[in-house]
Amino acid sequence: MFRAFAASIRLAFAFVCVGVGLILSAQWLGLVPDSRLVEEEARRKLCEHVAIASLDDIRSHRWPTLKRYFDNKVIRNPSLISVGLRSEMGTLRTASADHLEAWHPDWKSDLANQPLVRLEVPVTMDNHHWGQLEFCFRPAEMGLLWGALDPALVRMLAYFIMAGMGGYTLLMLRVLGVFRKGQVVPDRVRQALDTLAEGLLVLDDQGRIVLANRSFLAINGYEAEELQDESAAELPWKLAISGGRTAGASIDPSRLPWFRAIHERQSVIGEILRLTGRDGVERVFSVNAGPIGEDENQNGALVTFQDVTHVEQHRVELENMLMMLRVSKDEIQQKNQELEVLATRDALTGCLNRRAFFQQMATVFVECQENQRHLSCFMVDVDHFKSVNDTYGHHTGDEVLRRVSTVLRELHEQKHIVCRYGGEEFCVVMPDADLDTAFEEAERTRLAIMDIRLTDPAALRLTASLGVSELQFAPEDTQGLINQADECLYVAKRGGRNQVVAYDPEAIAAAQALPEVVEPRETTTTTTADEQGLVRLPFDVVTALLSALAYRDKATAEHSRRVADFCVTAASGLLGQRETYVLEIAGLLHDIGKIGVPDDILHKPGSLTPAEWTVMRRHNEIGFQLIRGTFQCVELENLIRYHHQSKDDVTRRDLEGDEEYQSLYTASNLLTIADTYDAITSDKPYRKGKPHAFAVEELRRCVGTQFDAELVEHFLSAIRPEDGSLPLPTGTTRGIAFAIDKTIATEIGSHIEQLAEAMDGRDPSRLATIADELRDLAETSFLMPIADCAGRVQTSAAQQNLDTEDEAWAELLSETETLLDLCRVTQQSVLVQQEGLPDADASGGGMPRVGFPSMPAPHSAP
């Protein structure tokens, strides 16, 4: 394009030069009039006209009128500077402005200091010379070449040069364009291109068609004149994409191969395009495009089109065949996967069967042993599964197994190995998980199984027992690791089910030595309080458990008794009597799980290591399962469980769904506060007890995170702030003490729960009966304070109508509370004997003398 433009300018300049030469020669030959001669003639005529017009005014001596006439002529003729009338005597009669200066010989114009043109016209009057008219004209314009060229001619030449350059340039561009189109493809080249079997287009720099050979026209049904000067991009091109499909929209011109050949100077080979010809048939072409010209100034493209429609059809057929083969391969692979599942998975639960499980576990076992990595496993057994089958049928049992397996797979299958080991037993293997992690995962699994709810039967509740082991205990092979976990599972079932037991040779041996807990009711069914009657907490069972604890750890037994005393005192005014009694039993048994802690950890004089703390914390779950398997008391179970897990949000949400959440929340917090207070103030093998003031400060510091603020203040106000001891029970004196046989004390202690239930139920007849029994028992043992108080309660309960008289009930309640406190004195006697603690005021006969003066204080502040 630039070269064509430059050529056009050169040709235009040549034409302009020829024209200028012709015009100049015409002037020199006189064919062009000289503007300067014309101007001189015009000035002469002006002078004659002014002289003739002034004669009348001269005769009449009208000099002012003549002056106005001269001024008017100067104004109307730009070339005229001034006009003056001078007499024969040389007197200037009148003149236009500035005539004297202009007529002076030395005065010159502002045009390059050229001299003025001064003309004189004689004035004759009556055939006598009167004077003369003087005219001053501006000098004429100088032409080029020192005046050789007429100025008008110069202006005409300048216009001709500028206009001619523009006009001739445009003309030459058009002429050259037509020439190039006609001459870029000579006839002999056209004939040669028409002999090609492939279609061919020659394009200019704008992508317009300069030449289409005969093959291209014949294939697509076009005429040569139809495509001449048309843009190749306007033809109905489409891109061919994978699978033999075509793009629905028109193609972007910038994606066409010749666009890149023209603008990017790149050759494009093998581009596949589709074109629908005049006959309506869509054909597929393999397009090659290359730039024309050696540099950027010669743009254009040569494009060839090879018809590959049949090849494309074969390619599409092959692609369809390959797609069918891939579909068949996928179906075969899917079938193989299904067969693999059938061969390796349990049909009912979807877990691995034992054969596939042992294959995978053997590989993992060897890798973990060789690389010294952790490997844990735990066994899961659904509690009372046989009862589910017997009660609800095998279809319900199958649904239970499916739901349990779903829980196991959702929790563990992504990272661990889950197997149905047999029947209602499952096994989970966890690579890279230590014993603590495995224990936590097992506990999480147990809670998830407890949350399973079936639509039918809706009353069915599931629990599971779990045993955990780890590679650190040196099993010989995979079966040895599973056997260790199975031993823990057996201990969990003996301990009351619904618990997780981790493998510890000493703890397992100690737990296996304990008698198996026989559950009085099925854990998979639910019964209401009305169906069961009043749930009992046998005092003899409580004392037996506390005796076992004292045998293992006397200090823990003493701590539990003090915590129970604190709980009873702090519960006054907050809980009912029945709730207070349950809280008292919870205080006595909250650390019963330490029976299962090894002696080297339980009696260690120094601080425990993290691993030892992990073992120590398991006593919470052991104690909970012992209580659950021994007593039929949901309130006691929840108290122990909530006390040990007070910071567990899941447990808190569970309790909030209970109708008696508030009382349970209060009781569990009081138990935690009392336990913490006594732990701070009591002496330990590794530290001395802290003073009362320190314990108070610590309890208040933990308000909001561990303890309820109101309950902490209530607890602190209930104990004696000056020494931390318990206040005396209501209605007693410091002088009261009992010398009592263990059997009698146990019988009296067993009436505490009955009194509490009767008080909470506002049942006067029941109170009268229990008080009468206590009076007879106390008189037989010569426990006169109890006998007298029981008599007063029996008489008041038998005579008053408590349903309508609140005042009478309040009086009876006060007497009964005193009787409860006296019965607790006998209970302390039994506990002291079980712990083997000598009483300071014990009397002879081997029976300790126990009373409020002789009760050991939980802490004495210095």
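See the structure printed just above.
Residues numbered from 1 in each chain as written. Predicted model: local features only at pLDDT ≥ 70, side-chain atom pairs only at ≥ 80, totals over all residues. Heavy atoms only, no water.

Q: Explain the overall build of the protein chain residue by residue, including any values.
A: The helix and strand tally for the protein chain stands at 33 helices and 17 strands. A buried classification covers 46% of the 862 residues belonging to the protein chain. Residue pairs in contact within the protein chain that sit at least 24 positions apart in sequence constitute 64% of those at least 6 positions apart. When the accessible surface of the protein chain is split by element, carbon and sulfur atoms take 54% of a total near 44400 Å². (Helix = DSSP H or I, 4+ residues; strand = E, 2+ residues; numbered from the N terminus. Buried < 20%, exposed > 50% of the residue type's maximum accessible area, 1.4 Å probe, protein only. Contact = heavy atoms within 4.5 Å. Areas by Shrake-Rupley, 256 points an atom, 1.4 Å probe, with all protein chains shown as cover.)

Q: I'd like to hear about the sheet that holds strand 1 (residues 80-87), residue by residue, with values.
A: Adjacent strands of a sheet pair through backbone hydrogen bonds, lying either parallel or antiparallel. Ordered in space as 2-1-4-3, the four strands form an open sheet in which the pairing is antiparallel. For this open sheet the edge positions go to strand 2 (92-95) and strand 3 (117-125), each flanked by a neighbour on one side alone. Taken pair by pair, the neighbouring strands of this sheet meet at an average axis angle of 20°, ignoring direction. Here nine bridges tie strand 3 to strand 4 (residues 128-137), and the two strands are oriented antiparallel to one another. Counted as the bridge partner of Met-125 is His-128 from strand 4. Relative to strand 1, helix 3 (residues 63-76) is tilted by about 155°, and along the sheet it contacts strand 1, strand 2 and strand 4. (Pairing = 2+ DSSP bridges. Axes fitted to C-alpha atoms, helices over the stretch in contact; angles between N-to-C directions.)

Q: Which residues make up the nonpolar core, and what are the values?
A: If you look at the biggest cluster of nonpolar residues, it comprises 75 residues, and the most contacted ones within it are Leu-583, Phe-631, Leu-636, Phe-715 and Leu-819. It is helix 27 (residues 661-681) that provides the largest number of residues to this core, a total of eight residues. The contacts of Leu-819, once residues within four sequence positions are left out, are Leu-755, Leu-774, Ile-786, Cys-789, Ala-790 and Val-793. Within the second largest apolar cluster, 30 residues are counted, among which are Leu-401, Val-407, Leu-408 and Ala-464. (Core = buried A, V, L, I, M, F, W, Y, C linked by side-chain atoms within 4.5 Å.)

Q: Please give an account of the side chain of Ser-82 that cites residues and values.
A: Assignment of secondary structure puts Ser-82 in strand 1. Judged by its relative accessible area of 0%, Ser-82 is buried. Other than its neighbours up to four places away in sequence, Ser-82 contacts Val-74, Ser-96, Ala-97, Asp-98, His-99, Ala-102, Glu-134, Phe-135 and Cys-136.

Q: Outline the sheet that holds strand 9 (residues 282-291), listing residues and values.
A: Read from one edge to the other, the open sheet built from six strands follows the order 6-5-10-9-8-7, with strand pairing classed as antiparallel. The outermost strands of the open sheet, each flanked by one partner alone, are strand 6 (209-212) and strand 7 (237-239). Neighbouring strand axes in the sheet, compared pairwise and without regard to direction, differ in orientation by 35° on average. Sheet analysis places strand 5 (residues 199-203) next to strand 10 (residues 301-307), joined by five bridges and oriented antiparallel. Paired with Leu-203 across the bridge in strand 10 is Ala-301.

Q: Could you give an account of the pairing of strand 2, naming the residues involved and the relevant values?
A: The sheet contact formed by strand 1 and strand 2 spans three bridges and is antiparallel. By the bridge assignment, Gly-84 is partnered in strand 2 with Ala-95.

Q: Give me the lowdown on helix 2 (residues 35-59), citing residues and values where you can.
A: Since the α-helix turns once every 3.6 residues, residues separated by three or four places project in the same direction. Between its first and last C-alpha atoms helix 2 spans 37 Å; for 25 residues at 1.5 Å apiece the expected length is 36 Å, and the two agree. At Ala-53, helix 2 is bent by approximately 30°, the largest bend along its length. Taken residue by residue, helix 2 has Arg-43, Leu-46, Cys-47, Val-50, Ala-51, Ser-54, Asp-57 and Ile-58 as its buried positions. Among the residues trailing helix 2, His-61 stands out with phi positive, at a value near 55°. (Expected span 1.5 Å × (residues − 1). Bend = angle between axes of the 7 residues up to and from the residue.)

Q: Talk me through the environment of Asp-821; I want residue IDs and the actual numbers.
A: Here Asp-821 lies in helix 33 (residues 806-835). Relative accessible area serves as the criterion here: at 12%, Asp-821 is assigned to the buried category. Sequence spacing of Asp-821 and Val-568 is 253 residues, and the spatial spacing of their C-alpha atoms is 9.8 Å.

Q: If you had to explain the pattern of salt bridges to someone new, which residues and values would you point to?
A: Per the stated rule, a full pass over the model turns up 29 salt bridges. In this structure, Arg-44 and Glu-48 form a salt bridge, with 2.8 Å as the shortest nitrogen-oxygen distance. Here Glu-48 and Arg-44 lie together in helix 2, a separation of four residues that amounts to about one turn. Owing to a relative accessible area of 37%, Arg-44 belongs among the partly exposed residues under this scheme. A residue is classified by how much of its surface remains accessible, and Glu-48, at 39% relative accessible area, is partly exposed. (Salt bridge = Lys/Arg side-chain N within 4 Å of Asp/Glu carboxyl O.)

Q: Lay out the packing of aromatic side chains in plain terms, naming residues and giving numbers.
A: All chains considered together, the criterion is met by 15 aromatic pairs. Where Phe-135 meets Phe-137, the ring centres are 6.3 Å apart and the plane angle is 20°; that geometry is what we call stacked. There is no split in this pair, since Phe-135 and Phe-137 are both buried. For the pair Trp-258 and Phe-305, a centre-to-centre distance of 6.2 Å together with 65° between the ring planes defines the contact as edge-to-face. With Trp-258 in helix 10 (residues 257-263) and Phe-305 in strand 10, this pair connects stretches of sequence that are 47 residues apart. By the burial criterion, Trp-258 is buried, and Phe-305 matches it. Three or more aromatic residues joined by ring pairs form one cluster here, namely Phe-216, Trp-237, Trp-258, Phe-285 and Phe-305. Directly above the ring of Tyr-421 sits Arg-354, whose terminal nitrogen or CZ lies 4.1 Å from the centroid. (Phe/Tyr/Trp six-rings, centres within 6.5 Å; stacked < 30°, edge-to-face > 60°. Lys NZ or Arg CZ within 6 Å of the ring centre and 35° of its normal.)

Q: Please provide a residue-by-residue account of a negative patch on the surface, values included.
A: On the surface, Glu-773, Asp-776, Glu-779 and Asp-788 cluster together to form a negatively charged patch. It is helix 31 (residues 764-780) that contributes the most residues to the negative patch, three residues altogether. Residue position: Glu-779 is located in helix 31. Here Glu-779 falls in the partly exposed class, since its relative accessible area comes to 40%. (Patch = residues over 30% accessible without salt bridge, like charges linked within 9 Å, V, L, I, M, F, W, Y side chains within 5 Å. Lys, Arg positive; Asp, Glu negative; His and termini not counted. Charge placed at Lys NZ, Arg CZ, Asp CG, Glu CD.)

Q: Please set out the packing of helix 12 (residues 354-370) against helix 16 (residues 478-494) residue by residue, giving values where relevant.
A: Where helix 12 meets helix 16, the axes come as close as 9 Å, and the angle between the chain directions of the two elements is 100°. As the angle between them shows, helix 12 and helix 16 are arranged roughly perpendicular. Across the interface between the two elements, Phe-357, Phe-358, Met-361, Ala-362 and Phe-365 from helix 12 touch Thr-478, Gln-479, Leu-481 and Ile-482 from helix 16. (Parallel < 35°, antiparallel > 145°, perpendicular 65-115°, else oblique.)

Q: Give a detailed account of the environment of Val-83, specifying residues and quantitative values.
A: With respect to the helices, strands and loops of the structure, Val-83 is situated in strand 1. Along the chain, Val-83 and Arg-118 lie 35 residues apart, while their C-alpha atoms are 9.9 Å from each other. The contact partners of Val-83, leaving out residues within four places of it in the chain, are Phe-70, Val-74, Ala-95, Ser-96, His-99, Glu-134 and Phe-135.

Q: Tell me about the environment of Asn-299, and please be specific about residues and values.
A: Tracing the backbone through its elements, the reader meets Asn-299 in the loop between strand 9 and strand 10. In the structure, Asn-299 is positioned 38 residues away from Ala-261 in sequence and 9.0 Å away in space, judged by C-alpha atoms. When residues no more than four places from it in sequence are discounted, the contact partners of Asn-299 are Asp-204, Asp-205, Ile-262, Arg-265 and Ile-292.

Q: Give me the lowdown on the pairing of strand 14 (residues 464-470), citing residues and values where you can.
A: Of all seven residues making up strand 14, seven are buried, and the element is well covered by its neighbours. Side chains of strand 14 alternate between two faces, with Ala-464, Leu-466, Val-468 and Glu-470 and Ser-465, Gly-467 and Ser-469 buried alike. Bridge analysis of strand 11 (residues 375-382) against strand 14 gives seven bridges, and the strand direction is antiparallel. Bridging from a neighbouring strand, Val-380 pairs with Leu-466 of strand 14.

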